[in-house]
Structure formats: C-alpha cells, structure tokens
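Structural description and commentary
Residues per chain are reported as follows:
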Amino acid sequence: PGRVVGVRTGDESLARRLAPHLLVVPYARLDGPGGPSRPNIRVRMDWVRRIVWKHLTDRYQPGTLVFRDGRQLDFRSVRLTERSIRLLREEGIREVALSDAAEIHFPEADPWEAYFAQLAELSPDGTARIGTWETGDGLRATASWDRFQPGSHGSHEDPASWYQVIQPAWSLDPFWLRHRGIRLRCYFMPHEVPLSRIDPGAVRQRSDLGGAWQWRADRNVEGGALASGGLPYGWGFGVQAGNELEFILPGCARSFQARLGLDEVETDAGPQADAGHETD
C-alpha cells in the first residue's frame with residue numbers, strides 16, 4: 001500500500017544505472033530504527049501490474065487506462081513520464097495527463113514466467129527458502145532467506161525492539177518490518193508453488209447465488225483470513241459454491257495437492273455464506 005508520486009528511468013545517474021522504477025510513498029512503516037526517514041521507496045516498473053490513484057474498478061483489466069470520470073481506454077503498451085502517460089494503441093500513440101488517470105492496468109504477463117523470474121531474483125541457486133510477510137497495515141511482500149535478516153534496536157529481550165529486514169524482488173530498497181506489526185508469515189521451498197500466486201485462466205460461477213461473492217486469492221469471499229476446522233491457512237482461494245477455477249500448469253509440474261473445506265465464515269454465519277477454499 002502506497003501512493004505513486006514519481007517516475008524514474010534509472011538513467012538519472014551516470015555512476016549507477018538502475019532499472020526503471022516508480023517512487024512510492026508507503027502507507028506502512030518501513031524505515032529502519034534510529035535512522036532518517038525515507039521519503040519514498042523505489043518500485044521496479046517491470047514488476048508493476050496495476051497503479052491506483054482513485055479506486056474505480058475491482059478487477060484487473062489488462063492493458064486498460066481508467067480515467068477519473070470513469071471512461072476507459074485500451075492500449076498495447078505504456079510508458080510513464082513525470083507528467084504524462086504515453087499509450088501505444090492500434091491507431092497510434094496517445095498521450096494522457098497523469099492527473100487525468102484514476103487507474104493503469106498494465107498488459108498481462110505470463111504468470112508462470114513472472115513467478116520463475118521472481119525465483120531467479122530471490123533464490124538464484126534454487127535452495128533458499130521463500131517467505132511471504134504480511135503486516136497489519138496492509139503490506140504483503142515476498143522475499144527469501146537470502147534477502148532476510150532479523151535484528152533488534154534496543155533490548156534483545158523486548159519484542160517491541162525486534163525487526164525483520166527483507167527485500168522483495170520488486171523493490172530497490174529493503175524494508176524494516178517491526179516484529180509486532182507482522183500478522184502472518186508463510187514459508188515454502190522454491191519448488192513448492194502456492195497456486196494462489198497464479199491467476200486462473202478461466203473462472204465459472206454456476207450457482208445463481210454466487211454472483212455477489214467473487215473468488216478471492218488468499219482470502220475468504222468476505223475478504224477475511226482463510227480458516228477452516230480451527231486452522232488458519234497461509235494461501236488458497238475463497239469461493240462461493242458452484243465455482244470453478246481453471247489453471248494452466250507448466251511442463252515442469254510433477255505433482256499437485258489440494259484441500260477443500262468450509263471456511264469459518266460459513267460455519268459462523270450459517271448457510272447463506274457457503275464459502276470454501278482450495279490450497280496447493
């Protein structure tokens with residue numbers, strides 16, 4: 001969670017060239033203890049899927065610019081500058097003022113290629129354990145044991161002084177996460193792929209009552225944490241009964257594991273919220 005306030009090509013300094021990136025003011029607290037506060041973090045453009053200045057749509061629509069008045073414009077490729085958005089469309093190039101945009105949905109990348117690219121950044125030799133950190137103020141970030149370091153600022157015996165430093169593949173800057181601000185940590189090996197990291201290729205909702213409950217990744221249909229049978233789950237899908245999610249698996253896949261259960265939303269609320277989840 002954060003607000004995009006600038007764009008950099010990465011060529012601003014001849015001494016050190018960087019990947020093109022966005023300047024983002026984070027809503028979460030990510031600065032190290034005792035040091036100066038960073039005005040922003042640098043997010044690599046090649047990892048960005050969607051930018052939202054004003055929320056108008058709920059679902060990702062690849063290759064779409066949403067104006068603040070609700071109009072939409074499709075495009076084949078996009079380039080951001082400090083003040084404008086240059087869109088390549090079928091009929092040519094169109095430039096839109098950055099201040100007129102509510103959302104940008106970048107063209108869709110192959111989800112498996114994106115996942116493998118992330119692994120190449122986080123665990124080049126394929127041995128480092130992968131982890132996902134989720135904080136109470138909305139940050140979700142994936143890093144690895146190679147990009148993780150615990151520490152403390154103050155008493156080693158006081159949990160309030162504990163920090164965990166991580167650096168996701170999409171960030172040019174490390175994050176200092178306060179131990180007490182982390183609500184969930186999930187770990188898996190590089191060859192174990194949580195299916196919720198991959199968008200379904202097709203979605204079918206067969207029940208008449210399912211229209212109000214859209215599927216969610218790593219959440220139940222109401223947006224809460226996944227839990228079933230008294231156990232929490234770090235990843236999976238929340239769906240309404242009669243829902244089908246179809247996935248394309250890569251040629252390197254050798255096995256598939258899943259579980260199905262009633263979410264605790266259903267067992268607490270009654271039959272009107274028949275939600276389930278499936279995990280890889």
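Sequence order sets the numbering: in each chain, residues are counted from 1 along the sequence as written. Whole-chain, interface and lining totals are the exception, using all residues; otherwise, since this is a predicted model, local features are given only for residues with pLDDT of at least 70 and side-chain atom pairs are given and counted only at 80 or more. As a convention, hydrogens and water are excluded, and side-chain values are obtained from all of the structure's heavy atoms.

1. Topic: the nonpolar core
Counting 30 residues, the largest nonpolar core has L22, L65, L80 and L177 as its most contacted members. Helical segments are the DSSP runs of H or I of at least four residues, strand segments are the runs of E of at least two, and each set is numbered from the N terminus. Counting only elements with at least two residues in this core, the list comes to strand 1 (2-8), strand 2 (21-26), strand 3 (41-44), strand 5 (64-67), strand 8 (84-89), strand 10 (101-105), strand 12 (140-144) and strand 15 (175-178). Two residues qualify as a contact provided that any one of their heavy atoms is within 4.5 Å of a heavy atom in the partner residue. In this view, L80 contacts V7, L22, M45, I51, I85, I104 and F106; residues no more than four positions away in its chain are not counted. As used here, the term nonpolar core means buried Ala, Val, Leu, Ile, Met, Phe, Trp, Tyr and Cys residues forming a set that is joined through side-chain atoms within 4.5 Å. Only protein chains enter the accessibility calculation, which uses a 1.4 Å probe. A residue is then buried if its area is under 20% of the maximum for its type, exposed if over 50%, and partly exposed in between. In this structure, Y115, I130, F188 and F237 belong to the second largest nonpolar core, which totals 16 residues.

2. Focus: the sheet that holds strand 1
Any two strands with at least two DSSP-identified bridges between them are counted as paired. Pairing in this open sheet of three strands is antiparallel, and the strands run 1-2-3 from one edge to the other. In this open sheet, the two edge strands, each paired with only one partner strand, are strand 1 and strand 3. Strand-to-strand twist of the sheet, defined as the mean angle between neighbouring strand axes without regard to direction, takes the value 35 degrees. As defined by bridge partners, strand 2 adjoins strand 3 across four bridges and the pair is classed as antiparallel. The partner of L23 across the bridge, within strand 3, is R42. Helix axes are fitted only over the stretch in contact, all axes being lines through C-alpha atoms; the angle between N-to-C directions runs from 0 to 180 degrees.

3. Details of the confidence of the model for the protein chain
Model confidence for the protein chain is summarised by a mean pLDDT of 88, while 93% of its residues fall at 70 or above. Values of pLDDT, ranging from 0 to 100, describe the predictor's confidence in every residue of the model. Ranking the elements of the protein chain by mean pLDDT puts strand 24 (residues 275-279) last, at 41, and strand 5 first, at 97. Here residues 270-280 scores under 50 on pLDDT; set against residues more than four positions off or in separate chains, the count is 46 contacts.

4. What to know about helix 1 (residues 111-122)
A helix is expected to reach a length of 1.5 Å times the quantity of its residues less one. Taking 1.5 Å of rise per residue, twelve residues should cover 16 Å, and helix 1 covers 16 Å from first to last C-alpha, within 8% of that figure. All buried positions along helix 1 are accounted for by W112, Y115, Q118, L119 and L122. Projected down its long axis, helix 1 shows its buried positions confined to an angular sector of 120 degrees, all on one face. The exposed residues of helix 1 that point more than 90 degrees off its buried face are E113 and A120. Read the arc as the range of directions from the helix axis to the C-beta atoms.

5. A look at the sheet that holds strand 15
With antiparallel pairing, three strands are arranged side by side in an open sheet as 13-14-15. Edge strands, defined here as strands with exactly one partner in the open sheet, are strand 13 (148-152) and strand 15. Between one strand axis and the next, the sheet turns by 25 degrees as a mean value, whatever way the strands run. Two strands pair when backbone bridges link them, and strand 14 (residues 162-166) and strand 15 are joined in this way by four bridges, in the antiparallel orientation. Residue pairing in the sheet places Y163 in a bridge with R178 of strand 15.

6. Notes on unusual backbone geometry
One non-glycine residue with positive phi stands out, namely D218, at about 60 degrees. Secondary-structure assignment places D218 in the loop between strand 18 (216-217) and strand 19 (227-228).

7. Concerning the packing of aromatic side chains
Note on aromatic pairs: the rings of Phe, Tyr and Trp (six-membered ring only in Trp) are paired at centre separations within 6.5 Å, and the planes decide the class, stacked below 30 degrees, edge-to-face beyond 60, tilted for the rest. Under the defined criterion, the tally for this structure stands at ten aromatic pairs. Where W112 meets F116, the ring centres are 6.0 Å apart and the plane angle is 40 degrees; that geometry is what we call tilted. With W112 and F116 both in helix 1 and four residues apart, the pair spans about one turn of that helix. For the pair F188 and W235, a centre-to-centre distance of 5.5 Å together with 80 degrees between the ring planes defines the contact as edge-to-face. Separated by 47 residues along the polypeptide, F188 in strand 16 (residues 182-188) and W235 in the loop between strand 20 (231-232) and strand 21 (237-240) bring together distant segments of the chain. In this structure an aromatic cluster arises from ring pairing among W133, W145, F148 and Y187. Only when the NZ of Lys or the CZ of Arg is both within 6 Å of the ring centre and within 35 degrees of the ring normal is a charge said to sit over the ring. Geometry around W215 places R59 over its ring, the cationic atom sitting 4.8 Å from the centre. Above the ring of F67, the side-chain terminus of R71 is found at 4.1 Å from the ring centroid.

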